[in-house]
Amino acid sequence: MATVRILLVDDFAPFRFYVRRILEQYPEGDVIGEAADGVAALQLIAELEPDLILLDISLPRLNGLEVALQVGAMAPRSKILFLSSHCSQELGRLCPPARWVMLLNGMPIASCCERLRRS
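The structure displayed is predicted, hence computed values, not measured ones.

**A closer look at the confidence of the model for the protein**
Any segment with low pLDDT has predicted coordinates that should not be analysed in fine detail.
Okay, so step 1: Per-residue confidence for the protein gives a mean pLDDT of 78, with 69% of residues at or over 70.
Okay, so step 2: Here residues 97-101 scores under 50 on pLDDT; set against residues more than four positions off or in separate chains, the count is 19 contacts.

**A look at the nonpolar core**
Okay, so step 1: In terms of nonpolar packing, the biggest core is built from 20 residues, with Val9, Ile45, Ile53, Leu55 and Val67 touching the most fellow members.
Okay, so step 2: Where this core is concerned, the elements lending two or more residues are strand 1 (4-9), helix 2 (38-48), strand 3 (52-56), helix 3 (64-74) and strand 4 (79-84).
Okay, so step 3: Element by element, the count of residues in this core is highest for helix 2, at five residues.
Okay, so step 4: Leaving out residues up to four positions away in the same chain, Ile45 has contacts with Leu7, Pro50, Ile53, Val67, Val71, Met74 and Ala75.
Okay, so step 5: Within the second largest apolar cluster, 10 residues are counted, among which are Leu8, Leu23, Leu81 and Leu83.

**Regarding the side chain of Asp37**
Okay, so step 1: With respect to the helices, strands and loops of the structure, Asp37 is situated in the loop between strand 2 (29-35) and helix 2.
Okay, so step 2: Classification of Asp37 as buried rests on a relative accessible area of 12%.

**Considerations on the environment of Val31**
Okay, so step 1: With respect to the helices and strands, Val31 occurs in strand 2.
Okay, so step 2: Judged by its relative accessible area of 13%, Val31 falls in the buried class.
Okay, so step 3: Considering only alpha carbons, one finds Val31 and Leu8, 23 residues apart in sequence, at a separation of 7.2 Å.
Okay, so step 4: Residues within four places of Val31 in sequence aside, it is in contact with Ile6, Leu8, Arg20 and Leu23.

**What about the packing of helix 2 against helix 3?**
Okay, so step 1: It is at 10 Å that the axes of helix 2 and helix 3 come closest, and there the two elements cross at 15 degrees. Here helix 2 lies roughly parallel to helix 3, going by the angle between them. For the element pair helix 2 and helix 3, the recorded crossing hand is right-handed. Residues Gly38, Ala41, Leu42, Ile45 and Ala46 of helix 2 pack against Val67, Gln70, Val71 and Met74 of helix 3.
Okay, so step 2: Across the contact of helix 2 with helix 3, the residue classes break down as seven nonpolar, two polar and no charged.

Conventions and cut-offs
- Residues numbered from 1 in each chain as written.
- Predicted model: local features only at pLDDT ≥ 70, side-chain atom pairs only at ≥ 80, totals over all residues.
- Heavy atoms only, no water.
- pLDDT = per-residue confidence, 0-100.
- Contact = heavy atoms within 4.5 Å.
- Core = buried A, V, L, I, M, F, W, Y, C linked by side-chain atoms within 4.5 Å.
- Buried < 20%, exposed > 50% of the residue type's maximum accessible area, 1.4 Å probe, protein only.
- Helix = DSSP H or I, 4+ residues; strand = E, 2+ residues; numbered from the N terminus.
- Axes fitted to C-alpha atoms, helices over the stretch in contact; angles between N-to-C directions.
- Parallel < 35°, antiparallel > 145°, perpendicular 65-115°, else oblique.
- Left-handed = near helix turned anticlockwise from the far one by under 90°.
- Nonpolar A, V, L, I, M, F, W, Y, C, P; charged D, E, K, R; others polar.

Here is the structure:
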């Protein structure tokens, strides 16, 4: 099984730390970088071309949706998994289902890991 190269993007450092520690328990995933804002995320996406981007929607400098809209041109093979406590039908309509998946911060961790495997 190939390793999934993961980029974590969230402005809350303790949350990034927590997610990284959980992902380290799964050998099929490798966290290759972290970013705390949208601009830094775009720089790392261009540099690292991750397989999977765990992306918060509420980010400083450039929000997660703006980042996601630019990913297609920069890293067309990257999939995006949104990490957000903000969920609405309108937000769901903005997300092309083939590339983006919504994930709520309050979802039980076992469910989160299963969504990661399927992405």
